[in-house]
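What the coordinates show
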Amino acid sequence: MSDEPQQQGPAGDGGEATGTGKAKKPKRPKRTGWRRLFPTWRMVLGGFLLLALLCVGAFLAGYLLVEIPPANAAATKQSNVYLYEDGTEIARDGKVNRENVPLSEVPLHVQRAVLAAEDRDFHSESAVDPKAMVRAAWNTVTGKGKQSGSTITQQYVKNYYLGQEQTVTRKVKEFFISIKLDREVSKDDILSGYLNTSYFGRNAYGVQAAAQAYYGKNVKDLSTAEGAYLATLLNSPNAYDVATHPENKQRAAGRWNYVLDGMVKEGWLGKADRAKAKFPMPDEAKGAAGLSGQRGYVVKAVEDYLTSNKIIDEDTLAKGGYRITTTLQKDRQDAFKKAVDDQVMSKVDKDARKVDRNVRAGGASIDPATGKVVAMYGGIDYTKQYVNNATRRDYQVGSTFKPFVFTSAVENGSVTQDGRPITPNTVYDGTNKRPVQGWSGGTYAPENEDQVSYGETTVREATDKSVNSVYAQMAVDVGADKVKDTAIALGVPKTTPDLTASPSIALGPSTASVLDMTEAYATLANHGKHGTYTIVEKITKGGEEVELPEQATKQAVTREAADTTTSILQSVVQGGTGTAAQGAGRPAAGKTGTAENDTAAWFAGYTPDLATVVAVMGQDPETGAHTPLYGALGETRINGGAYPARVWAQFTKAALEGKPVKDFDLELEQGADLPLPPDPTTTGGTLPPETGKPTEGGPTDGGTTDGGTDTGGATTGGGTDTGGTTTTDGGTDTGGPATGGQTGDQSDGGATTDGGATDGGTADGGTPGGPTDGGTDAGGATDDGGASDGGAIGALTDD
């Protein structure tokens, strides 16, 4: 054997050679670079196993520790207390309406309708559905809408054993109690409990109370269609009660169809029976006796405000125990009711005129500086007319929308088709049925009120007389999309039905509520600053205060845009269709409006420190259908310049009594205060753009000048009243000039109503009389009281 060491081969992949010839195990290469940032698979697996063990441990601990509690105290509802701003009580929302029934008395088709709406796999699934919970959480986080992901078992546990608080603790308890309950009681017992504890709206707890509240019958007598509607309500009673909120009919019908289609899909309803099903309109709701008068309307408005702003959800609010201080002021609330009673309801004679039974009224008033609702009129009595006329969104606003078009024109620096800036003095063609120019959506030629052609007329005059052809053209000049954006910025909800970007937007086919329009007009009164309205000052429960959203104010439109609009709306009150508003005895700005087919008449106006909107509406008390107001209250026609403006004037005068009289402090757009030179071709007088009224020597009695006919048609039918008084409904008005042909049935301060001729007075020129029974003079401009601000608003179509 040689003494020389054996030669070793080079170290290679097998590692270094040892003296014994056995290869050494290679060392694991160290992780370098970006790989060091990530865990190894061993670490991931270990972490996963540890997490799984923790979850199992937590589940076992929760299951063992959480016991099924006795029924919660909230299963017997408490009252909510509603207060005026000064702390005096308005109402308590009454005792719970609940009547438990055994499952055997709930028809199978009603049970299945509820399952189709809420939990179609109820009988086969476990008490909780983790997949649905994860999906609901994901949809909530990603902004697809807040969803519960709860099974019927979980909802029953929440209703009966726990509460409605959206807390992690409550959700954890709900999870474990549901699992335990599912193991200890039958599915039928859980379903029965769910049906008897769920809230259906109208203060109805349980399906039996709901059947009585919505259809006036016992649950065992409900049809499949009616049961499907009650099942629809479980998702959101406030959103789907079509009697309380008629504007929600389409949404409710969509959910109702979803329920019936689900029944077909599950094999619970035949296709033939599904095809025969018709949407079952619920009965008009009846408020609790304790909520009579205006109290119930206030309670409902507050509930809507709290739930729509996600301050308190419906179920939690319905459990009660809250002390809610509103922004409403008792003296102003009483003044609003008195104004409606004096000016409208006292004229109702259901025995003499069948149409008078259809008369409804709604109103709201907001302090522009704070955005607080200080008064509201919802209807004659909550126990008789359940729908709140101040908050419903199903009547067209008519020409009260026109100021938003002009505001948008100033805000956007808009010009006419031939490049002239749009100011109060810009001249437009006011010819009846004039096709709008520059609109690519087809021919649109709206009618003016009573087919009157005004010829060349200024924007101020067109606003005074509510000329449809002018404002439809202005909407195109500004851009209908910009007009819509301005309206939304002022306070009209973007979800308002029929708020579409087309020329007809100017004529008011949209159906914003009285409260919505008050908010928008309050923004104009506040020089373009908008703060979302609020009706709630403070909420407490058990001594703890509930957080309310911050009322941030922002400049919605420029001050010049808002103030210039105010200047032309002052003209409407001074000598246009809104002269009755002069009865407030304050500097005022406002606009009249009428819905299609005269189903509603509006007056929207404001002083420097109070914005108020009033509407008189027609609705059949039996069918709920909108009805024309022709002949109501003893008048040929009901228009915004008459009863609504009179209510506005009386209320505003009373609401501001003792307050110092303020003038508007306006900053106008450039050129807004520059009058146009007189038209040398006009004989016998001119129509200054500041007032839109004839000067001395102008047209008298029917719109003639020096024996000739005023072809412009823009003069007032009775000429200028030189000191005489004119009668309105048998009274006299000494407040200002008569506007003989301006109002359809004439308003205070204008020509006569109910007989037409001035009582002993003479029109300028010595000719007695004027239009009768709300008729119009030849050449006299009419209020927008007739066929919907210009012949049914030009049919409100864009073709």
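The rules we used
Residues numbered from 1 in each chain as written. Predicted model: local features only at pLDDT ≥ 70, side-chain atom pairs only at ≥ 80, totals over all residues. Heavy atoms only, no water. Helix = DSSP H or I, 4+ residues; strand = E, 2+ residues; numbered from the N terminus. Buried < 20%, exposed > 50% of the residue type's maximum accessible area, 1.4 Å probe, protein only. Contact = heavy atoms within 4.5 Å. Areas by Shrake-Rupley, 256 points an atom, 1.4 Å probe, with all protein chains shown as cover. Core = buried A, V, L, I, M, F, W, Y, C linked by side-chain atoms within 4.5 Å. Axes fitted to C-alpha atoms, helices over the stretch in contact; angles between N-to-C directions. Left-handed = near helix turned anticlockwise from the far one by under 90°. Nonpolar A, V, L, I, M, F, W, Y, C, P; charged D, E, K, R; others polar. Expected span 1.5 Å × (residues − 1). Salt bridge = Lys/Arg side-chain N within 4 Å of Asp/Glu carboxyl O. Pairing = 2+ DSSP bridges. Phe/Tyr/Trp six-rings, centres within 6.5 Å; stacked < 30°, edge-to-face > 60°. Lys NZ or Arg CZ within 6 Å of the ring centre and 35° of its normal. pLDDT = per-residue confidence, 0-100.

1. Some words on the overall build of the protein chain
- Counting its secondary structure elements, the protein chain contains 22 helices and 22 strands.
- Counting all 799 residues of the protein chain, 54% fall into the buried class.
- Sequence-distant contacts, at least 24 apart, represent 70% of the contacts inside the protein chain between residues at least 6 apart.
- Carbon and sulfur atoms provide 51% of the accessible area of the protein chain, an area that totals close to 34,500 Å².

2. A word on the nonpolar core
- The biggest cluster of nonpolar side chains holds 90 residues, and the ones touching the most others in it are Leu306, Phe404, Tyr471 and Ile535.
- The residues contacting Phe404, other than those within four sequence positions of it, are Thr486, Ala487, Leu490, Val492, Met517, Ala520, Tyr521 and Leu524.
- Val106, Val157, Tyr194 and Met263 belong to the second largest nonpolar core, which has 47 residues in total.

3. Remarks on the packing of helix 8 (residues 224-233) against helix 10 (residues 249-265)
- Orientation of helix 8 relative to helix 10, taken along the N-to-C sense of each, is 115 degrees, at an axis distance of 9 Å. Every pair of crossing elements has a handedness; the one defined by helix 8 and helix 10 is right-handed. Touching Thr224, Ala225, Ala228, Tyr229, Ala231 and Thr232 of helix 8 are Ala252, Arg255, Trp256, Val259, Leu260 and Met263, all from helix 10.
- Of the residues that constitute the contact of helix 8 with helix 10, the class distribution is nine nonpolar, two polar and one charged.

4. Topic: helix 21 (residues 643-655)
- Here helix 21 contains 13 residues, and its C-alpha end-to-end distance of 18 Å stays within 8% of the 18 Å for a straight helix at 1.5 Å per residue.
- Buried residues dominate helix 21, accounting for ten of its 13 residues.
- Regarding helix 21, the residues found buried are Tyr643, Pro644, Ala645, Arg646, Val647, Trp648, Ala649, Phe651, Thr652 and Ala655.

5. What about the pattern of salt bridges?
- For the structure on display, the rule yields 25 salt bridges.
- Salt-bridge contacts for Asp221 lead to Lys220; the nearest nitrogen and oxygen are separated by 3.7 Å.
- Among the ionic pairs, Arg559 bridges to Glu667, the shortest N-O distance being 3.7 Å. Of this pair, Arg559 sits in helix 20 (residues 559-575) while Glu667 is found in the loop between helix 21 and strand 17 (704-705), placing the two residues 108 residues apart along the sequence.
- For Arg559, a relative accessible area of 23% puts it in the partly exposed group.
- Relative accessible area serves as the criterion here: at 39%, Glu667 is assigned to the partly exposed category.
- Connected through salt bridges with shared partners, the residues Arg559, Asp563, Asp665 and Glu667 form a single ionic network.

6. Re the sheet that holds strand 16 (residues 610-618)
- Taken in spatial order, the five strands of this open sheet run 7-6-16-15-14, and their pairing is antiparallel. Of all strands in the sheet, those bounded by a partner on one side alone are strand 7 (372-377) and strand 14 (589-594). Neighbouring strand axes in the sheet, compared pairwise and without regard to direction, differ in orientation by 10 degrees on average.
- With eight bridges joining them, strand 15 (residues 600-607) and strand 16 adopt antiparallel strand pairing.

7. Observations concerning the packing of aromatic side chains
- Enumeration over the complete set of coordinates arrives at 14 aromatic pairs.
- Both rings, one in Tyr297 and one in Tyr382, keep their centres 5.5 Å apart while their planes meet at 85 degrees; by these two values the pair is edge-to-face. Of this pair, Tyr297 sits in helix 12 (residues 295-308) while Tyr382 is found in the loop between strand 7 and helix 15 (402-411), placing the two residues 85 residues apart along the sequence.
- Accessibility expressed as a relative area gives 5% for Tyr382, which makes it buried.
- Between Tyr521 and Tyr606, the ring centres sit 6.2 Å apart and the planes meet at 65 degrees, which makes this aromatic pair edge-to-face. You can see Tyr521 sitting in helix 19 (residues 514-525) and its partner Tyr606 sitting in strand 15, a full 85 residues away along the chain.
- Given a relative accessible area of 0%, Tyr521 falls into the buried group.
- Counting every residue linked through ring pairs, the aromatic cluster contains Tyr214, Tyr215, Tyr229, Trp256 and Phe279.
- In this arrangement the basic side chain of Arg202 is found over the ring face of Tyr386, its NZ or CZ atom lying 5.8 Å from the centre.
- Its guanidinium or amino end placed over the ring of Tyr643, Arg646 lies 4.9 Å from that ring's centre, counting from NZ or CZ.

8. Examining the sheet that holds strand 1 (residues 81-83)
- Pairing within the open sheet is mixed, and its five strands lie in the order 2-1-5-11-12. Each edge of the sheet is formed by a strand with only one pairing partner; in this case those strands are strand 2 (89-92) and strand 12 (544-545).
- Of the strand pairs in this sheet, strand 1 and strand 5 (residues 322-326) are connected by three bridges, and their pairing is parallel. Bridged to Val81 within strand 5 is Arg323.

9. Side note on the confidence of the model for the protein chain
- Taken as a whole, the protein chain shows an average pLDDT of 78; of its residues, 70% reach a score of 70 or greater.
- Counting contacts from residues 1-19, a segment whose pLDDT is below 50, to residues more than four positions away or on other chains yields twelve contacts.
- Predicted confidence is poor over residues 676-799, with pLDDT under 50, and the contacts of this stretch with residues over four places away or in other chains come to 317 contacts.

10. Describing the environment of Ala318
- Relative to the helices and strands, Ala318 is located in helix 13 (residues 314-319).
- Note on Ala318: relative accessible area 8%, which makes it buried.
- In this structure, the C-alpha to C-alpha distance between Ala318 and Asp93, residues 225 residues apart in sequence, is 9.4 Å.

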